[in-house]
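Structural characterization, general
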Amino acid sequence: MGTLTGCSFSVVNFRFRSTSIFRERVGVQVFESRKLRRNLCFLCRGIISKEVSREKFFKIRCFSGGNNNESDCTNNDGDIKENNSTSSSTESTVTTASPPEEKAVEEKNTGNDLPPSVSSRPPNVAPLGSVYNDFQIDSFKLMELLGPEKVDPNDVKLIKDKLFGYSTFWVTKEEPFGDLGEGILFLGNLRGKREDVFNKLQTQLAGIMGDKYNLFMVEEPDSDAPDPRGGPRVSFGLLRKEVSEPGPTTLWQYVIALLLFLLTIGSSVELGFSSQINRLPPEIVKYFTDPNAVEPPDMELLYPFVESALPLAYGVLGVLLFHEVGHFLSAFPKKVKLSIPFFIPNITLGSFGAITQFKSILPDRSTKVDISLAGPFAGAALSFAMFAVGLLLSSNPDAAGDLVQVPSMLFQGSLLLGLISRATLGYAAMHAATVSIHPLVIAGWCGLTTTAFNMLPVGCLDGGRAVQSAFGKGALVGFGLTTYTLLGLGVIGGPLSLPWGLYVLICQRTPEKPCLNDVTEVGTWRKTGVSLAIFLVVLTLLPVWDELAEELGIGLVSTF
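Cut-offs applied
Residues numbered from 1 in each chain as written. Predicted model: local features only at pLDDT ≥ 70, side-chain atom pairs only at ≥ 80, totals over all residues. Heavy atoms only, no water. Helix = DSSP H or I, 4+ residues; strand = E, 2+ residues; numbered from the N terminus. Buried < 20%, exposed > 50% of the residue type's maximum accessible area, 1.4 Å probe, protein only. Contact = heavy atoms within 4.5 Å. Areas by Shrake-Rupley, 256 points an atom, 1.4 Å probe, with all protein chains shown as cover. Axes fitted to C-alpha atoms, helices over the stretch in contact; angles between N-to-C directions. Left-handed = near helix turned anticlockwise from the far one by under 90°. Nonpolar A, V, L, I, M, F, W, Y, C, P; charged D, E, K, R; others polar. Pairing = 2+ DSSP bridges. Salt bridge = Lys/Arg side-chain N within 4 Å of Asp/Glu carboxyl O. Expected span 1.5 Å × (residues − 1). Phe/Tyr/Trp six-rings, centres within 6.5 Å; stacked < 30°, edge-to-face > 60°. pLDDT = per-residue confidence, 0-100. Patch = residues over 30% accessible without salt bridge, like charges linked within 9 Å, V, L, I, M, F, W, Y side chains within 5 Å. Arc of directions from axis to C-beta. Polar contact = N/O pair within 3.5 Å; in protein donor to acceptor, adjacent residues only side chain to side chain.

Okay, the overall build of the protein next. On a plain count of helices and strands, the protein comes out with 19 helices and 12 strands. When burial is assessed residue by residue, the protein has 43% of its 560 residues classed as buried. Contacts in the protein between residues far apart in sequence, at least 24 positions, make up 69% of those at least 6 positions apart. Carbon and sulfur atoms make up 60% of the accessible area of the protein, which totals about 30,200 Å².

Two numbers describe how helix 11 (residues 365-394) lies on helix 18 (residues 524-541): the axes approach to 11 Å, and their chain directions differ by 35°. The element helix 11 and its partner helix 18 pack so that their crossing is left-handed. Counted together, Ser366, Val369, Asp370, Leu373 and Phe377 of helix 11 and Arg526, Val530 and Ala533 of helix 18 form the full contact between these two elements. Of the residues belonging to the contact of helix 11 with helix 18, the class tally is five nonpolar, one polar and two charged.

Moving on to the sheet that holds strand 6 (residues 183-190). With antiparallel pairing, the four strands of this open sheet are ordered in space as 5-6-8-7. The two strands at the open ends of the sheet, each matched to only one other strand, are strand 5 (169-177) and strand 7 (213-219). With strand direction ignored, the average angle separating the axes of adjacent strands in the sheet is 25°. Here strand 5 pairs with strand 6 via eight bridges, running antiparallel. Residue pairing across strands places tryptophan 170 opposite asparagine 189, the latter belonging to strand 6.

Counting across every chain of the model gives 12 salt bridges. A salt bridge links lysine 241 to glutamate 245, with the nearest nitrogen and oxygen atoms 3.3 Å apart. Judged by relative accessible area, lysine 241 falls into the partly exposed class, the value being 25%. Accessibility expressed as a relative area gives 30% for glutamate 245, which makes it partly exposed. One network of salt bridges, with partners in common, ties together Lys334, Asp370 and Arg526.

Let us now look at helix 14 (residues 439-454). Between its terminal C-alpha atoms helix 14 stretches 23 Å, which fits the 22 Å expected from 16 residues at 1.5 Å a residue. Taking burial as the measure, the 16 residues of helix 14 include 15 buried ones, the bulk of the element.

Turning to the pairing of strand 8 (residues 234-240), a few remarks are in order. Here strand 8 lies mainly inside the structure; seven of its seven residues are buried. Residues Val234, Phe236, Leu238 and Arg240 line one face of strand 8 and the alternating positions Ser235, Gly237 and Leu239 line the opposite face, and both faces are buried. Here strand 7 pairs with strand 8 via seven bridges, running antiparallel. Paired with phenylalanine 216 across the strands is glycine 237, a residue of strand 8.

Before going further, it helps to spend a moment on the packing of aromatic side chains. Given two aromatic rings, their pairing is described by the distance between the two centres and the angle made by the two planes. A complete count under the given rule lists 15 aromatic pairs for this structure. A centroid spacing of 6.1 Å and a plane angle of 45° characterise the contact between phenylalanine 164 and phenylalanine 236, whose relative ring orientation is tilted. One end of the pair, phenylalanine 164, is in the loop between helix 5 (153-162) and strand 5; the other, phenylalanine 236, is in strand 8, and 72 residues separate them in sequence. Residue class for phenylalanine 236 comes out buried when judged on its relative accessible area of 0%. Members of the aromatic cluster, each reached through a chain of ring pairs, are Phe164, Phe169, Phe186, Phe198 and Phe236.

A separate point is the confidence of the model for the protein. Residue-level pLDDT values for the protein average 76, and 70% of them are 70 or greater. Per-residue pLDDT stays below 50 along residues 1-123; that stretch engages in 186 contacts with residues further than four places along the chain or on separate chains.

It is worth spelling out unusual backbone geometry at this point. With a phi angle near 60°, lysine 335 is a residue other than glycine that sits in the positive phi range. On the accessibility criterion, lysine 335 (75% relative accessible area) is exposed.

Once that is clear, we can look at a nonpolar patch on the surface. Taken together, the side chains of Leu251, Trp252, Tyr254, Val255, Leu258, Leu259 and Leu262 make up a nonpolar region of the molecular surface, amounting to roughly 790 Å² of accessible area. Looking at the element boundaries, tyrosine 254 is found in helix 8 (residues 251-275).

Our next topic: the side chain of asparagine 454. By secondary structure assignment, the location of asparagine 454 is in helix 14. Excluding residues within four positions of it along the chain, asparagine 454 makes contact with Phe352, Gly353, Ala354, Leu461, Asp462, Gly463 and Trp500.

Another aspect to go through is helix 12 (residues 415-425). Here helix 12 has its buried residues at Leu415, Leu417, Gly418, Ser421 and Leu425. Buried residues of helix 12, viewed axially, fall in a sector of 165°; they line one side. A distance of 3.2 Å separates the backbone nitrogen of leucine 417 from a side-chain oxygen at the start of helix 12, and that oxygen is part of serine 414.

This brings us to the environment of glycine 464. Within the fold, glycine 464 resides in helix 15 (residues 462-471). Note on glycine 464: relative accessible area 0%, which makes it buried. Placed 44 residues apart in sequence, glycine 464 and glutamine 508 show a C-alpha to C-alpha distance of 9.5 Å. Residues in contact with glycine 464, not counting those within four places in the same chain, are Leu456, Pro457, Val458, Gly459 and Leu476.

Listed below in structure tokens is the structure:
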């Protein structure tokens, strides 16, 4: 059985390379005996068996790549000659003595104008490693063809000569830049204030190359010392515009976003039905709560409860829309494009929020912080407003007809929200098996919890983007590992910690790409805002432990 076969053409030149699997002798004989024809390679045997016209000329080369010995058989006007040539190159003639029985047949057929026989000694077969190396090189070439387009070397030389210099940035070294090394990173010495130099280089690059390339100012990798002028040492990365900028939203992405939005509407309505569980018919409750229930009940029994379930669904969807509107309103003045939101349905909270991608490169880290925080702040403002109004209505006797019964253990899921509820509703109302609350409390609670999950400092969540921009990528790595550990241990998030952690690992684990100016600090106020937001997130997702819940009277805590 053969492994690899290669063909190349001289005039019409067929070339075959044997591998380590062929450990047999390869002999080429021209005769009529079937026994002797077995020693031919299959291509030689096939061509000799045909009648070759006088106008055609075939050159057949059978060779082995082990010792670069090859035998050439020339067929011209029906005559096959042995082509003996000695060369120090990769091709040489291989001959060997014919066995006695072959010689007898050869002498017997001398009167039939048969050509002389050609035989070969056993060659040294090339190891499979050489074939593997050739295949590996071809794979790398294919990856280069299919990968992103690299920076033109002629453009690199022109930019290096015309753009950089004594007054801006003195280049001392060049390295690959980008995820696949498709760009060029210029390392050297800064000759002025980094912001002024960067603005000047961007203007000059646009004048030289137009909009062909994007220039990035990033921290110098593996820098041993800070910049003498203060702050980290900087370097400049060059990428093609079509490579560095995100692609447009496709039709399939619009379809997927629409389907996810419809599913989110369904999960929000389902949450509204769940809030009415004490009013639902028993057969409906049993079907959704009993794992042994097989036969579905009549769903028409749910129709009278749709109207009472919709306000809660409207509240959850309103928080999601406010969140996304906050992102878009913050991005629009800065000319930053965002993708359509991909909502993530969840039956416990109504939704896990949405995935919104940047569709243009951010100019600086301050812009990234502002856009990242605008969405959560808008969603949290609406959620807290609904939560506070709901608590006030829960203690109002006039709204008693709209209240729903929920287990008091629900308020132990969040330290911050549990304390606010306890302070508003009082000890007597909270220290019971169930608590009567307005549906707005549930909508606000779910909205604040969803916002807090999205503000966790990990990956490309809103919190991860904000921390990366405010404190750097190294800080994001530390915060991310801590967050994953707390979620894995169930310290924050309660029963939703595991599904949320899996969702982040699958969809949101990759940090955001750098900005054009990824070096300039964001300022003290933005850092303070990010730190305060992370602190509130921890208080929101941290459950109330049993001792504190019993002392404060949040729910009934049974001790055994």
